[in-house]
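Structure at a glance
Listed below are the residues making up each chain.
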Amino acid sequence: MKAFIHKNKDLKNIIRETAEIAGYLWQRGWAERNASNISVNITDVYQPEISEYSTFPFYGLQVSYSKLAGNLFFVTGTGKRMRDLTRKPMKNALILKLNDNASGYWIISQKMDGENFLPTSELPTHLGIHQMIAERESMEKVVMHTHAHDLVTLTHAKQFCDEDVLNKLLWSMHPETVIFVPKGVGFVPYRLPGSIEIATETIKSLQNHDVAMWEKHGVFAIGKSVADTFDLIDILAKSAKIYFLCRSADFVPESFTDGQLAELRKLADNF
Ligand code: 2HA
Ligand code: ZN
């Protein structure tokens, strides 16, 4: 581990928490092979001197993220496994710093002559979301993508590929979902993973929600910490699971009544 990480308690805690949660993604069965990726904006936690990074490898970006100029991110690596990240975070994730016009980044956590790797293939979506967060000046620091299969399964049925239908279903299965995911989920129709198109649609969706469901692929969520972000997905996945358990027991769930939902929503408002 690089000396600057060792010396920074806050940064070490973020890395430790990400490693722990990466293990949960794997245990949940949401992170097969290299599936899932996480990025954390660590600009408030660490700012290196230019002499510490100017000689490191530099990579250009397809799109410039002007609001993120000079920002630093802890990001999982492309092709890396969440289960490996749990044991060896800095061999499976990296720290990058955007340049002053945000047209590219240095990877400042890797050895110049070591076995280097690039950030997640979903980097355009991650940076686009962080840029949206910076524009509206809200407090989220974390973007998480994972293949939460109960939620993905829902999006294989046309009838659920609709934001209102999805939210009614997910809120009606479990009280926690109304309380902890009051903004519900956004729905992003199928687009090629890693593309600018899917990034654009996801950013649009996350303007009004903390979680966006990608049709036939996975979910993207934002939060203040890695644990909080995981919790949002975990709660929604629980709702979907209850629905499928009812259906596999061969009955249609009764769901909450409108009155019960309204009562829960009031509780959520005061939470
Ligand atoms: O990190 O999940 O969508 C790999 C993926 C790409
Ligand atoms: Zn994915």
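Okay, so let's go over this structure. If you're wondering where the values come from, they're calculated on a predicted model, not measured in any experiment.

**Overview of the site of ligand 1**
Around ligand 1, the neighbouring residues are Asn34, Ala35, Ser36, Asn37, Glu122, His145, His147 and His217. One of the backbone N or O atoms of Asn34 is found 3.1 Å from an oxygen atom in ligand 1. His147 is positioned with one of its side-chain polar atoms (N or O) 3.0 Å from an oxygen atom of ligand 1. Within the complex, the protein chains bury 88% of what would otherwise be the 220 Å² of accessible surface of ligand 1. Of the residues that constitute the shell around ligand 1, the class distribution is 1 nonpolar, 6 polar and 1 charged.

**Details of the packing of helix α2 (residues 9-27) against helix α11 (residues 226-248)**
A pair of packed helices is characterised by two quantities: the angle between their axes and the separation of those axes. Packing of α2 against α11 leaves a shortest axis separation of 9 Å and a crossing angle of 20°. In terms of their interaxial angle, α2 and α11 are classed as roughly parallel. Note that α2 runs across α11; the crossing there is left-handed. Residue-level inspection shows Glu17, Thr18, Ile21, Tyr24 and Leu25 of α2 in contact with α11, the latter providing Val226, Ala227 and Phe230. Partitioned by chemical class, the residues of the contact of α2 with α11 number 6 nonpolar, 1 polar and 1 charged.

**Details of the coordination of the zinc ion (ligand 2)**
Note on the zinc ion (ligand 2): its protein donors are His145 (NE2), His147 (NE2) and His217 (NE2). The metal-donor distances range over 2.0 to 2.1 Å. Linear spacing of the donor residues for the zinc ion (ligand 2) on their chain is H-x1-H-x69-H. Residue His145 is found in strand β6 (residues 142-146), and its partner His217 is found in the loop between β8 (211-214) and β9 (218-223); the two are separated by 72 residues along the sequence. Each member of the pair, His145 together with His217, is buried.

**Section: the sheet that holds strand β4 (residues 93-98)**
The strand order across the open sheet formed by 9 strands is β2-β5-β4-β3-β1-β6-β9-β8-β7, and the pairing between neighbours is mixed. Of all the strands in the sheet, the pair left with one neighbour each is β2 (58-60) and β7 (185-188). The sheet shows a mean angle of 20° between the axes of neighbouring strands, direction not considered. Note: strand β1 (residues 37-41) against β6, 4 bridges, orientation antiparallel. Its bridge partner being in β6, Asn37 is matched across the sheet by His145. Of the strands in this sheet, β1, β3 (72-76), β4 and β6 are in contact with α2, which crosses β1 at around 160°.

**A short note on helix α8 (residues 163-171)**
Within α8, the full set of buried residues consists of Leu166, Asn167, Leu169, Leu170 and Trp171. Along its buried surface, α8 packs onto α7 (149-154), α9 (175-180), β7, β8, α11 and α12 (258-269). Of the residues flanking the start of α8, the one acting as N-cap is Asp162, its side-chain oxygen 3.0 Å from the backbone nitrogen of Asp164.

**Looking at the nonpolar core**
By size, the foremost hydrophobic cluster in this structure holds 52 residues, and its most contacted members are Phe74, Ile95 and Leu151. If you tally residues by element for this core, the top one is α11, at 9 residues. In this view, Ile95 contacts Phe4, Ile5, Leu11, Ile42, Leu72, Phe73, Phe74, Met90, Trp106, Ile107, Ile108 and Ser109; residues no more than four positions away in its chain are not counted. Within the second largest apolar cluster, 13 residues are counted, among which are Leu68, Phe73, Val75 and Leu123.

**Structural notes on the environment of Thr200**
Residue placement: Thr200 occurs in helix α10 (residues 196-206). Expressed as a C-alpha distance, the spacing of Thr200 and Thr125, which sit 75 residues apart in the sequence, is 7.5 Å.

**Focus: the pattern of salt bridges**
For the structure on display, the rule yields 10 salt bridges. A salt bridge links Arg28 to Asp234, with the shortest nitrogen-to-oxygen separation between them at 2.9 Å. Taken together, the residues span a long stretch of sequence, with Arg28 in the loop between α2 and β1 and Asp234 in helix α11 at a distance of 206 residues. On the basis of relative accessibility, which here comes to 35%, the residue Arg28 falls in the partly exposed class. Measuring nitrogen to oxygen at the nearest pair gives 3.7 Å for the salt bridge that ties Asp258 to Lys168. Here Asp258, found in helix α12, pairs with Lys168, found in helix α8; they are 90 residues apart in sequence, far enough to count as distant. For Asp258, a relative accessible area of 58% corresponds to the exposed category. For Lys168, a relative accessible area of 43% translates into the label partly exposed. Each member of the salt-bridge network shares a partner with another, and the members are Lys158, Glu215 and Lys216.

What counts as what
Per chain, residue numbering runs from 1 following the sequence as it is written. Chains and ligands are labelled by the order in which they are written, letters from A for the one and numbers from 1 for the other. Where totals are concerned, whole chains, interfaces and linings use all residues; where local detail is concerned, this predicted model gives features only for residues with pLDDT of at least 70, and gives and counts side-chain atom pairs only at 80 or more. Note that water and hydrogens are dropped before the side-chain values are worked out from all heavy atoms of the structure. If even one non-hydrogen atom of a residue comes within 4 Å of a molecule or strand, that residue is called near it. By the criterion applied in these results, polar contacts are pairs of N or O atoms within 3.5 Å in which, for protein atoms, one can donate a hydrogen and the other can accept it, and in which residues neighboring in sequence qualify only through two side-chain atoms. What sets the accessible areas is the Shrake-Rupley method with a 1.4 Å probe; for residues, cover comes only from the shown protein chains. For this classification, Asp, Glu, Lys and Arg are treated as charged, while Ala, Val, Leu, Ile, Met, Phe, Trp, Tyr, Cys and Pro are nonpolar and the rest, including Gly, are polar. Axis lines are fitted through C-alpha atoms, for helices just across the contact stretch, and the angle between N-to-C directions can take any value from 0 to 180 degrees. For helices the rule is a DSSP run of H or I covering at least 4 residues; for strands it is a run of E covering at least 2, with both sets numbered from the N terminus onward. Any angle that falls under 35 degrees is termed roughly parallel, while one over 145 is termed roughly antiparallel, one within 65 to 115 roughly perpendicular, and all others oblique. By the definition used in this description, the sense in which the near helix is turned from the far one sets the handedness, with an anticlockwise turn below a right angle giving left-handed and a clockwise turn giving right-handed. Note on contacts: a residue pair qualifies if any of its non-hydrogen atoms lie within 4.5 Å across the two residues. Only nitrogen, oxygen and sulfur atoms count as donors, using a 2.8 Å cut-off from the metal that widens to 3.2 Å for Na, K and Ca. Water is left out, so coordination shells may look unfilled. To sort residues, take the accessible area from a 1.4 Å probe on protein chains only and compare it with the maximum for the residue type: under 20% means buried, over 50% means exposed, and anything in between is partly exposed. Pairing between two strands requires that DSSP report at least two bridges joining them. By nonpolar core we mean a set of buried residues, namely Ala, Val, Leu, Ile, Met, Phe, Trp, Tyr and Cys, connected to one another through side-chain atoms within 4.5 Å. Note on definitions: salt bridges are taken to be side-chain nitrogens of Lys or Arg within 4 Å of carboxyl oxygens of Asp or Glu.

These values are about where atoms sit, not about what they do.
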